[in-house]
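The primary structure of each chain is shown beneath.
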Amino acid sequence: MRDTELTPLRALFSDVVDGMRSWRAWLALAMMDTKHKYRRSVLGPFWITISMFVLILGIGLLYSQLFRMNLRDYLPYIALGDIVWIYISTTVQEGCTTFTASENLIRSMRLPATVHVMRLVTRTFIVFVHGAVAYIPFAIYLKVQPELVWFLAIPGIFAILLATIPITALFGVMAARFRDLQPAIANFMQLGFFMTPIIWKADMLGPHRWVADFNPLYHFIQLVRDPLMGNVPPDHSYWVVGVFILLSYLIAIPVLARSRHKISFWV
C-alpha cells in the first residue's frame, strides 16, 4: 500500500520502520558531516576534545575560587556537567536544522523523515563521545578510582539519547515552518546554562532549590554525573526524566504524523 493511502499514524510508523532499516544511510551521513566539518584539519574531530578540555579547565579554576570550593571535588563536577550540557544543548539547537540543513537531499530524493532525524542525533552523539574524552586527563590527574556505580551512567546516557529523538523531530518540523524558532531556542539554551546547576550546585539555592528540581535538564545531567562521581542518582530524577521522555513522544508523534508530507514544501 502506498504511503498516501495510509492514515497519518500508520504512515509515520512505516516511515520509522523504513528509516531504522536504513541505519547504514544515516550513520554514513552522520560520519560524513563530522568529517566534512573538520576537513583539511590534522586533528579533525579531536579539536572538540581540546576545546572541551580548555573550557573545563578555565571554568573550573575560576569558579572554584569564586565559590570557594575544593578544586579536587569541584573539577569533576563541572567537567561532567559541562560535557553533558553541551551534548544536550548542541542536539537541541541543531535539532532546529534537522530538515532545513538537508534541503537539497529532501528535494532531490525520497527518504524517510526518520533518516534525517537519526542523522542529526548520531552526529551530535559522535561529538559527545569526542567531548567526553576530555574528562580522562582530569580523572588521571585527580587519581579518580573506577567504581561499579559508574555503570549507572549508561542508562542516563541512553535516556538522553532516547529523549533527543522526539525533540529533534519536533523542533526540526516546527523550525522548518517557523524560522524564528531557531534563534529563540538558541537564546533559551544560553539562559538555561546559567539556570541549570552545572557550574553551581543546587544546594546553593537553599529554600529555593525547587528552581533546580523543576528543571528537567538538571535531572538528565544528574543521571550521568552522579554515577561518575560515585553517587547513585535520586529516584525522583528517574521519574522526572521518564515522564519528560514520555511526554516528548506523545507530543512529537502526532505533530510529525500530520506535518511529515509538508516538510519538503517548508524547507
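Residues numbered from 1 in each chain as written. Predicted model: local features only at pLDDT ≥ 70, side-chain atom pairs only at ≥ 80, totals over all residues. Heavy atoms only, no water.

### Details of the overall build of the chain
Defined as follows: Only runs of H or I of at least four residues qualify as helices and only runs of E of at least two qualify as strands under DSSP, and these elements are numbered from the N terminus. Here the globule rule is a power law, 2.2 Å times the number of residues to the power 0.38, and the radius of gyration is based on C-alpha atoms. Accessibility here uses a 1.4 Å probe with only protein chains present; expressed as a share of the type maximum, an area under 20% marks a residue as buried, one over 50% as exposed, and anything in between as partly exposed. Note that accessible areas follow from Shrake-Rupley with a 1.4 Å probe, and for residues the cover is restricted to the protein chains shown. By the counting rule applied here, Lys and Arg register as positive and Asp and Glu as negative, while His and the ends of each chain are not counted. One atom stands in for each charge, and that atom is NZ of Lys, CZ of Arg, CG of Asp or CD of Glu.
Counting its secondary structure elements, the chain contains 13 helices and zero strands. Start at the N end of the chain and walk to the C end: the helices and strands fall as α-α-α-α-α-α-α-α-α-α-α-α-α. Against the compact-globule benchmark of 18 Å for 267 residues, the chain has a radius of gyration of 20 Å, which places it among compact chains. Burial analysis of the chain (267 residues in total) assigns 45% to the buried set. For the chain, the computed accessible surface area is about 14,900 Å², with 68% contributed by carbon and sulfur atoms. Taken as two groups, the 23 positive and 15 negative side-chain charges of the chain have centres that lie 8 Å from each other.

### A closer look at empty space enclosed by the protein
Using the following cut-off: In this analysis a 1.4 Å probe is tested at points of a 1 Å grid over the protein atoms alone, and where it fits but cannot get out there is a cavity; an open set with protein on both sides within 12 Å along at least five of seven lines is a pocket; lining residues have an atom within 4 Å of a point. Grid points are joined across faces, edges and corners, and a volume is the space filled by probe spheres set on the points. The classification used treats Ala, Val, Leu, Ile, Met, Phe, Trp, Tyr, Cys and Pro as nonpolar, Asp, Glu, Lys and Arg as charged, and all other residues, Gly among them, as polar.
Summed over all chains, the structure comprises one cavity of 30 Å³ or more. Looking at the largest cavity, its volume works out to about 60 Å³. Every residue along the wall of the largest cavity is listed here: Ile48, Met52, Ile83, Ile86, Tyr87, Thr90, Thr124, Val127, Phe128, Gly131 and Ala132. Contributions of two or more residues to the lining of the largest cavity are made by helix 3 (46-66), helix 4 (71-95) and helix 6 (113-132). In terms of residues, the lining of the largest cavity owes the most to one element, helix 6, which gives five residues. Across the lining of the largest cavity, the residue classes break down as eight nonpolar, three polar and no charged.

### As for the nonpolar core
Convention followed: The term nonpolar core refers to a set of buried residues drawn from Ala, Val, Leu, Ile, Met, Phe, Trp, Tyr and Cys, joined through side-chain atoms within 4.5 Å. Should any heavy atoms of two residues lie within 4.5 Å, those residues are counted as being in contact.
Core analysis: the biggest nonpolar cluster contains 46 residues, and Ile88, Ile199 and Phe220 have the highest contact counts within it. Elements with a contribution of two residues or more to this core: helix 3, helix 4, helix 7 (135-141), helix 8 (153-177), helix 9 (181-195), helix 11 (216-228) and helix 12 (235-259). In terms of residues, this core owes the most to one element, helix 4, which gives 12 residues. What isoleucine 88 contacts, discounting residues up to four positions off in sequence, is Ile160, Leu217, Phe220 and Ile221. By size, the runner-up hydrophobic cluster in this structure holds 13 residues, among which are Phe99, Ala169, Ala257 and Ile263.

### Side note on the packing of aromatic side chains
The line we're drawing: For Phe, Tyr and Trp, rings pair up if their centres lie within 6.5 Å, where Trp contributes its six-membered ring, and each pair is then called stacked (planes under 30 degrees apart), edge-to-face (over 60) or tilted (otherwise). Two thresholds decide whether a charge sits over a ring: the Lys NZ or Arg CZ must be within 6 Å of the ring centre and within 35 degrees of the ring normal.
Here the structure, examined in full by the defined rule, presents 10 aromatic pairs. When the centroid spacing of 4.8 Å and the interplanar angle of 25° are considered together, the rings of phenylalanine 53 and phenylalanine 138 count as stacked. With phenylalanine 53 in helix 3 and phenylalanine 138 in helix 7, the pair connects residues that are 85 residues apart, well separated along the chain. Judged by its relative accessible area of 28%, phenylalanine 53 is partly exposed. Aromatic rings pair up to connect Trp85, Phe193 and Phe194 into one cluster. Taking NZ or CZ as reference, arginine 225 lies 3.8 Å from the ring centre of tyrosine 77, over its face.

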